[in-house]
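# Structural features, examined
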Amino acid sequence: MSRWKGLPAELDPRVRHLVVLLRRLKDHSGLSMRQLAAKTGYSASSWERYLGGRSLPPREAVEAIAAITGEDPTRLVALREVAAAAWTGGQQRPEGAHDSTGMRLDHEARPASDDPRPAHDHPVPHGPRPAHDHPAPHDPPPRGRSLRVTLAAGVVALVVAGASATVLVARLTGDEGHAARTSASASAPAAQAPARSAPSYTCRVERVDGHWYAGHSRTRDAILWTGHAGPKVAEAQCLLRRAGFSPGDIDGIYGPLTERAVKRLQKKAGLVVDGIVGPHTWGALRR
């Protein structure tokens, strides 16, 4: 089994979650780093950086490892996107990185207002300005007209605001009775609706060719962990119960009780105790 080095302490928790999950997938696949590189098309040194938390794996690499381990790529890609947002938005930005235009992020363009030169050092265009840029000294600015325009705009804004408030009050008053009636009519059938229960599975455990099966799945390499649901989880739950490790109800939902039962099985079988069902744990469940 792989013994991983600790991840950098400053690694964002969302990035850490993705890296730990990818490490577990790699361990449960039984592949070496070179074999993983050969199957995914990404070099062994690249995977060492990805799984060491030193570089964020690209989406294609995540999809590739999902394909070879039988994992649903949708979930992994979603976790990768969350990690990518944390990587580019926080302290995980690589030093000296470039943006989409090719400019180094640690040497961004300085806005014009930060120009260190004093105002008199800025170039001044030569030549006469257009006549309209130079009001005559004896013509006073049209302050009276500006004031009238401002006052008129203020009056219009007040009228519009008053009209909007009136319409809002009328609408609230008129809709109050309708809302109360709607709420009462909606709550009645809701109270009468029966609560949905989690699906239940029947364990039909039998031994075929020296291996145990429960009638829900014949997989021996699917990777399951907390949050998964479906027949494969129910298969694992039935086999856990057969082995003497109760997962609670056989409902096909990988919850805390199922994870606890998996860890107890892994400890007894001498496996890595991580609460994840992979090829090695399936082997312990089937035999």
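Quantities reported herein were computed from a predicted structural model and do not represent experimental measurements. (Residues numbered from 1 in each chain as written. Predicted model: local features only at pLDDT ≥ 70, side-chain atom pairs only at ≥ 80, totals over all residues. Heavy atoms only, no water.)

## A few points about the overall build of the chain
- Per the secondary structure count, the chain includes nine helices and two strands.
- Reading the secondary structure of the chain in the N-to-C direction produces α-α-α-α-α-α-β-β-α-α-α.
- A total of 287 residues make up the chain; the buried ones form 31% of that total.
- Across the chain, the fraction of contacts at a sequence separation of at least 24, relative to all contacts at a separation of at least 6, is 49%. (Helix = DSSP H or I, 4+ residues; strand = E, 2+ residues; numbered from the N terminus. Buried < 20%, exposed > 50% of the residue type's maximum accessible area, 1.4 Å probe, protein only. Contact = heavy atoms within 4.5 Å.)

## Topic: the packing of helix α7 (residues 231–242) against helix α9 (residues 279–286)
- Where α7 meets α9, the closest approach of the two axes is 9 Å, and the angle between their N-to-C directions is 50 degrees. On the basis of the axis angle, α7 is oblique to α9. The handedness of the crossing between α7 and α9 is left-handed. Touching K232, E235, A236, L239, L240 and R242 of α7 are W282, L285 and R286, all from α9.
- Counted by class, the contact of α7 with α9 contains five nonpolar, no polar and four charged residues. (Axes fitted to C-alpha atoms, helices over the stretch in contact; angles between N-to-C directions. Parallel < 35°, antiparallel > 145°, perpendicular 65-115°, else oblique. Left-handed = near helix turned anticlockwise from the far one by under 90°. Nonpolar A, V, L, I, M, F, W, Y, C, P; charged D, E, K, R; others polar.)

## Focus on helix α8 (residues 256–269)
- For α8, spanning 14 residues, the distance from its first C-alpha to its last is 20 Å, which sits close to the expected 20 Å at 1.5 Å a residue.
- Every buried residue of α8 is listed here: T258, A261, V262, L265 and Q266. Seen from one end, α8 has its buried residues packed into an arc of 140 degrees, which puts them on one side. Across from the buried face of α8, at angles greater than 90 degrees, the exposed residues are P256, R260, K267 and K268.
- Against α7 and α9 lie the buried residues of α8.
- Directly beyond the C-terminal end of α8, a positive phi value near 75 degrees is found at G270. (Expected span 1.5 Å × (residues − 1). Arc of directions from axis to C-beta.)

## Details of the packing of aromatic side chains
- Counted according to the given criterion, the structure contains two aromatic pairs.
- Their ring planes at 65 degrees and their centres at 6.4 Å tell us that Y42 and Y50 sit as a pair that is edge-to-face.
- Note on Y42: relative accessible area 22%, which makes it partly exposed.
- Assessed through its relative accessible area of 7%, Y50 is described here as buried.
- Here W47 and Y50 contribute two aromatic rings whose centre-to-centre distance is 5.4 Å and whose plane-to-plane angle is 80 degrees, an arrangement assigned as edge-to-face. Placement of the pair is W47 and Y50 together in helix α3 (residues 44–51), with a separation of three residues, close to one helical turn. (Phe/Tyr/Trp six-rings, centres within 6.5 Å; stacked < 30°, edge-to-face > 60°.)

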